[in-house]
Amino acid sequence: MKFNEGSTYSGFRLKVHKYIGEIASDVYLFEHSVLGCPLLAIKNGDPNKTFSAAFNTVPQDSTGVAHILEHSVLMGSKKYPVKDVFGEINKGGLTTFLNAMTGADITYYPFATRNLKEYFNIMDVYCDVVFNPLLSRSTFEQEGWHYHQETTDSRLQFQGVVYNEMKGAFSDPIRFLFHHIFAGLMPGSTYAHESGGDPKNIPDLSYEQFCAFHREHYHPSNGMFFVYGDALLEDELEFLQSRFFAHYDTPGTPALIEEGTLISEPVFIEEKYGVDSSELKEKTFLAVGTNIATVTDRKKNTAFQIIANILFNSDGSPLKNSIVSSGLCKDFGGVYLATSSYRTFMLTYLVGSEPEHRDNFLSLYKNSLARMVEEGLDRELVISELNKFEFSFREDAAKAQRGLDLIGKSMTALKYGTDPFDHLTSEELIQNIRRMALEENYFEKLIQQYLLDNRSTVTVTLAPDPHKQQQNQAEEEQRLQEVDRASSQAEKELRVARTNELMEEQLRPNSQEVLNLLPQLSLSDLSSRIEFHTAEKVDLFNREVLFSELPTNHISYLDIGFDISCLDPAHLPLLDLFATIVTEIGTEKLNYQQFAKKLATCTGSLNHSIMSYAKKNNGESTRPILWFHLKCLPAYLQQAIELMAEVFSSVSFKDTERIREIVGREFAWAEHAVHSEGYNLPTTRVFAHLSVAGRYNELINGVSSYLALKDLAGSYRQQEDEFLATLDKIATSVFNRDNLLFSATADKEELDRFATLGQIVVDSLGSRKTGRFDLPPLDIARHEGFITSADVAFVVQGGNLFPGGEGYNGHFEVLKTYLSRDYLWNTVRQMGGAYGCFIQFGQISGNLAFISYRDPQVKKTYEAYNEVPAVVTNMAPSKKLMEQLVIGTYGNFDPLQSSAAKGATARNDYFHGITTEFKRRRLQEIISTTPEQLHAFAKAFETMTANCFRSVIGSRQKIETDSNFFDQLTKL
């Protein structure tokens with residue numbers, strides 16, 4: 001069907017239509033003729049159809065009302081009065097993306113699917129829940145907050161999913177930095193509020209205010225709508241108009257962003273954040289935020305994104321090197337915030353500093369910038385970062401979720417009244433910026449005007465406080481006690497009754513009659529055959545080489561691996577640090593600054609990962625591999641390979657001062673991760689009891705590795721000689737052609753070129769016969785608690801479900817879907833208040849772990865885990881639920897992946913011994929699953945639970961309250 005500008009189609013008038021060759025799409029901008037809301041359609045042959053409804057949600061305070069509402073609308077609507085619509089959709093569909101997100105001034109509801117029937121089904125559901133939600137008081141209490149007291153003798157608490165989520169978020173000092181930067185630069189603005197909700201303010205929100213916010217903000221006139229992919233545009237327009245927009249007779253009033261007052265003089269903010277330690281040295285964060293422009297100036301904003309990398313993030317930056325080498329911090333970096341609000345900012349920060357370093361930092365920062373402008377930016381550095389930035393745009397075209405990416409770019413434009421078509425193109429813009437940067441000193445001029453001469457800045461000092469956490473807890477307890485003291489005995493009894501009533505509601509399942517209202521796919525909608533990509537083993541260089549020939553937009557993804565079973569186990573806790581140093585430190589010919597510039601010039605990135613591969617049918621035969629991942633464009637393939645050969649043959653550890661800086665930086669960020677999002681550590685610890693691969697992962701990426709890094713950073717000068725000797729020993733052992741293997745994902749032309757160039761790496765390495773070390777069991781406690789400064793916990797329990805993987809089949813995958821998306825979702829999240837709960841499972845080893853995320857409970861969560869055997873024994877899924885679970889599980893086996901991700905999956909499958917035949921057999925078992933086959937796993941869960949391992953990380957108060965679950969508590 002042809003669409004003409006100025007004509008109206010199903011209530012939508014077409015304003016602009018353009019074909020954009022850069023994204024190979026027809027793009028249509030419509031405006032609803034009555035409601036005035038925009039709809040942007042990006043149409044092409046992509047079968048991954050994507051839809052999003054977005055609303056301008058402008059907070060007036062920090063109660064988190066927009067965030068709570070985002071959760072709550074998905075809890076049922078007039079047409080679909082299903083408790084937890086989102087959970088039901090997530091349980092049994094083929095969606096490739098399904099979520100809802102709250103930003104500083106917007107809330108949006110995107111989803112994507114390759115199934116046309118499901119596309120319109122979920123479009124109907126998502127539109128109904130946003131326009132016609134039930135918003136019951138129980139939903140507000142569950143998702144937002146409520147007074148929780150189960151008996152008159154139990155402690156009164158605040159409880160709620162968003163409340164606990166934000167308690168976890170506010171354990172991260174980086175969150176505080178961003179909040180204070182926004183509030184300081186734009187006092188009185190929309191952005192001075194915490195749209196996600198400050199835990200101190202969330203309980204100020206009333207149910208009535210919550211409902212009013214929906215009425216004021218969720219009108220179509222305050223929204224914008226997006227469709228992407230290969231569905232017929234006329235069908236999408238007619239669907240939205242006939243089912244939703246036609247029901248509105250008059251337009252609503254769009255919500256307006258409050259811009260506040262833009263500061264004209266420097267502002268200084270000093271704040272504290274909580275730590276569970278008396279050791280406060282080098283734990284201060286310093287940050288400077290600078291007002292730059294608005295989102296309407298795209299060229300300037302794009303230029304500053306590149307400038308941020310040149311100044312703050314490249315190891316070739318004189319500014320970064322002068323600050324890091326000054327001893328003022330453990331790390332220095334920065335980011336340009338181009339889309340977070342209407343105004344755009346430059347943010348630079350110090351990690352691992354001291355409050356008294358602030359003025360010295362500001363002086364050094366300004367002087368170093370001034371010198372760089374006066375002398376002119378290093379041309380090689382500028383070119384390298386221009387290349388790297390341009391590479392990222394090339395790679396965007398190969399993203400699996402391309403629709404989400406393009407919708408996100410255009411949403412920024414529509415949200416702030418700029419041209420969405422402009423935001424969907426970049427090639428001409430980047431070339432123009434490249435020319436101006438290299439010929440007109442464009443970057444120097446911008447730095448002078450906006451970073452040196454600009455007084456609209458905020459400097460935040462965020463210092464550690466060992467009493468802050470207890471102070472926050474005391475303030476919360478005092479507030480609750482005041483509520484309790486002001487309550488009559490009758491009110492207290494009503495509160496207990498209401499708590500139990502809410503818990504009973506949470507336990508009550510949806511009736512089959514209500515569930516039948518939700519549109520769902522059937523087994524007949526499933527594709528008859530899934531095509532699994534497999535890597536081809538090719539005969540090259542006299543070693544294992546894997547090729548994945550896939551369309552990658554002419555980007556080569558090269559994985560260069562080294563078998564590390566030759567490495568002394570004593571060196572494993574520092575292996576990840578070794579690999580980080582190797583990717584940064586340079587070579588005998590190139591110092592680290594020269595190496596950084598050359599790397600950015602000829603590659604998109606260089607990073608590493610360490611995988612421990614257990615082989616199917618031989619789980620104890622574990623092969624640990626250190627991978628170096630490189631990506632580059634065709635013109636730079638030979639340069640990139642030659643650079644890697646130089647690294648492996650002549651990496652240099654002579655720059656001891658730079659190595660010391662890297663160690664300090666890595667520990668600063670590791671410590672930050674442990675105290676804010678540390679759930680990987682207890683998970684890795686549990687799996688360390690269960691297999692050789694688990695032991696490798698624990699020593700390389702677990703608590704053992706963290707403590708080794710902490711010890712090294714804490715007494716580096718004393719350990720320096722020994723550590724440098726260890727680096728040499730690891731390099732000598734690992735960088736050996738006898739350990740070498742390759743995996744490459746690219747178009748055929750680039751693979752053919754690699755077949756002639758890969759020998760360069762082989763020839764650069766010597767050949768040394770090495771032995772293989774066995775990895776004995778680790779001496780660690782069975783049940784452990786790790787204490788951090790977080791206000792929530794991450795609760796893990798695991799064990800071996802299928803010894804040697806025997807007994808695992810596709811039927812279990814269906815049960816896993818039920819346990820994670822139904823049972824744990826309902827008990828640990830809905831009732832317990834955790835932000836999330838999921839399962840990690842190894843199909844080769846048969847090892848499994850339950851993991852909760854930002855959890856206010858410890859004891860209750862472990863009790864929920866221990867109930868799993870009984871749940872499996874007694875579950876009685878209806879025919880419709882079984883079909884739903886089967887479809888959801890089937891969808892997991894056919895994920896939407898980019899070509900790069902497909903290549904990585906095929907590589908890992910090869911080393912695990914997983915074949916296409918194995919996957920097809922699992923798929924057939926999934927489709928044929930019956931309830932009786934699910935019940936058959938009850939005994940395995942019973943045995944696993946009786947022999948389980950427990951680990952938790954997080955709040956001291958929560959862990960010590962339930963310390964009887966653990967053999968040992970350790971403060972991290």
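Rules behind the numbers
Residues numbered from 1 in each chain as written. Predicted model: local features only at pLDDT ≥ 70, side-chain atom pairs only at ≥ 80, totals over all residues. Heavy atoms only, no water. Pairing = 2+ DSSP bridges. Helix = DSSP H or I, 4+ residues; strand = E, 2+ residues; numbered from the N terminus. Axes fitted to C-alpha atoms, helices over the stretch in contact; angles between N-to-C directions. Expected span 1.5 Å × (residues − 1). Buried < 20%, exposed > 50% of the residue type's maximum accessible area, 1.4 Å probe, protein only. Contact = heavy atoms within 4.5 Å. Domains from an automatic or database assignment. Salt bridge = Lys/Arg side-chain N within 4 Å of Asp/Glu carboxyl O. Core = buried A, V, L, I, M, F, W, Y, C linked by side-chain atoms within 4.5 Å. Parallel < 35°, antiparallel > 145°, perpendicular 65-115°, else oblique. Left-handed = near helix turned anticlockwise from the far one by under 90°. Phe/Tyr/Trp six-rings, centres within 6.5 Å; stacked < 30°, edge-to-face > 60°. Lys NZ or Arg CZ within 6 Å of the ring centre and 35° of its normal.

Draft legend 1. Looking closely at the sheet that holds strand β23 (residues 783-788). In space, the six strands of this open sheet follow the order β25-β26-β24-β27-β23-β28, with mixed pairing throughout. Of all strands in the sheet, those bounded by a partner on one side alone are β25 (836-841) and β28 (968-971). The sheet shows a mean angle of 15° between the axes of neighbouring strands, direction not considered. Of the pairings in the sheet, the one linking β23 to strand β27 (residues 949-955) comprises six bridges and is parallel in character. Directly across from Ile-787, in β27, lies its bridge partner Gly-954.

Draft legend 2. Examining helix α26 (residues 703-714) more closely. With twelve residues, α26 extends 16 Å from end C-alpha to end C-alpha; this agrees with the ideal 16 Å at 1.5 Å per step. Considered for burial, the residues of α26 that qualify are Val-703, Ser-705, Tyr-706, Leu-709 and Leu-712.

Draft legend 3. Spatial organisation of unusual backbone geometry. In this model, Ser-10 sits at a positive phi of 50°, which is unusual for a non-glycine residue. Within the secondary structure layout, Ser-10 lies in the loop between β1 (8-9) and β2 (12-20). In this structure, Asp-84 takes a positive phi of about 65° despite not being glycine. Of the residues examined, Asp-84 reaches a relative accessible area of 4% and is grouped as buried.

Draft legend 4. Summary view of the sheet that holds strand β13 (residues 284-294). Strand order in the open sheet formed by five strands is β12-β16-β13-β15-β14, with mixed pairing between adjacent strands. Two strands in the sheet have a free side with no partner beyond their single neighbour: β12 (267-274) and β14 (331-337). Sheet twist, expressed as the mean angle between neighbouring strand axes with direction ignored, is 20°. Relative to strand β16 (residues 457-465), β13 runs antiparallel, the two being bridged by six bridges. When the sheet's bridge partners are listed, Val-288 is paired in β16 with Thr-459. Strands in contact with helix α6 (residues 173-185) are β12, β13, β14, β15 (343-353) and β16; relative to β16, the strand with the most contacts, it is inclined by about 150°.

Draft legend 5. Inspection of the domain arrangement of the protein chain at higher detail. When its domains are assigned, the protein chain resolves into domain 1 (7-162 + 192-257), domain 2 (267-464), domain 3 (541-764) and domain 4 (783-971). Distance between the C-alpha centres of domain 1 and domain 3: 42 Å.

Draft legend 6. Focus on the pattern of salt bridges. Under the criterion given, the structure shown has 62 salt bridges. When the shortest N-O distance is used, the salt bridge between Asp-297 and Lys-300 registers 3.2 Å. With relative accessibility at 14%, the residue Lys-300 sits in the buried group. For Lys-409, the salt bridge goes to Asp-396, with nearest N and O atoms at 3.3 Å. In this pair, Lys-409 is assigned in helix α13 (residues 402-415) and Asp-396 in helix α12 (residues 379-396), connecting sequence segments 13 residues apart. Classification of Asp-396 as buried rests on a relative accessible area of 16%.

Draft legend 7. Region of the structure containing the nonpolar core. Formed by 93 residues in total, the largest nonpolar core has its most connected members in Phe-30, Leu-39, Phe-51, Tyr-109, Met-123, Phe-210 and Phe-225. Considering each element in turn, this core owes the most residues, ten residues, to helix α3 (residues 116-131). Per-domain counts for this core show at least three residues from each of domain 1 (7-162 + 192-257) and domain 2 (267-464).

Draft legend 8. Up close: the packing of helix α10 (residues 318-325) against helix α11 (residues 358-375). Between α10 and α11, whose axes approach to 9 Å, the crossing angle comes to 150°. By the angle class used here, α10 and α11 are roughly antiparallel. Once α10 is placed against α11, the crossing between them reads as right-handed. Taking contact as the criterion, the partners of Pro-318, Leu-319, Ser-322 and Ile-323 in α10 are, on α11, Phe-361, Leu-364, Tyr-365, Ser-368, Leu-369 and Met-372.

Draft legend 9. Structural view of the packing of aromatic side chains. For the coordinates displayed, the defined rule picks out 78 aromatic pairs. Residues Phe-628 and Phe-735 carry aromatic rings whose centres are separated by 6.1 Å and whose planes lie at 50° to one another, so their mutual orientation is tilted. Of the two residues, Phe-628 sits in strand β21 (residues 618-632) while Phe-735 sits in the loop between α27 (716-734) and β22 (740-746), which places them 107 residues apart along the sequence. Each member of the pair Phe-628 and Phe-735 is classed as buried. One Lys or Arg, Arg-907, reaches over the ring of Trp-627 and ends 4.9 Å from the middle of that ring. Positioned over the ring face of Tyr-862 is Arg-950, at 5.7 Å from the centre of the ring.

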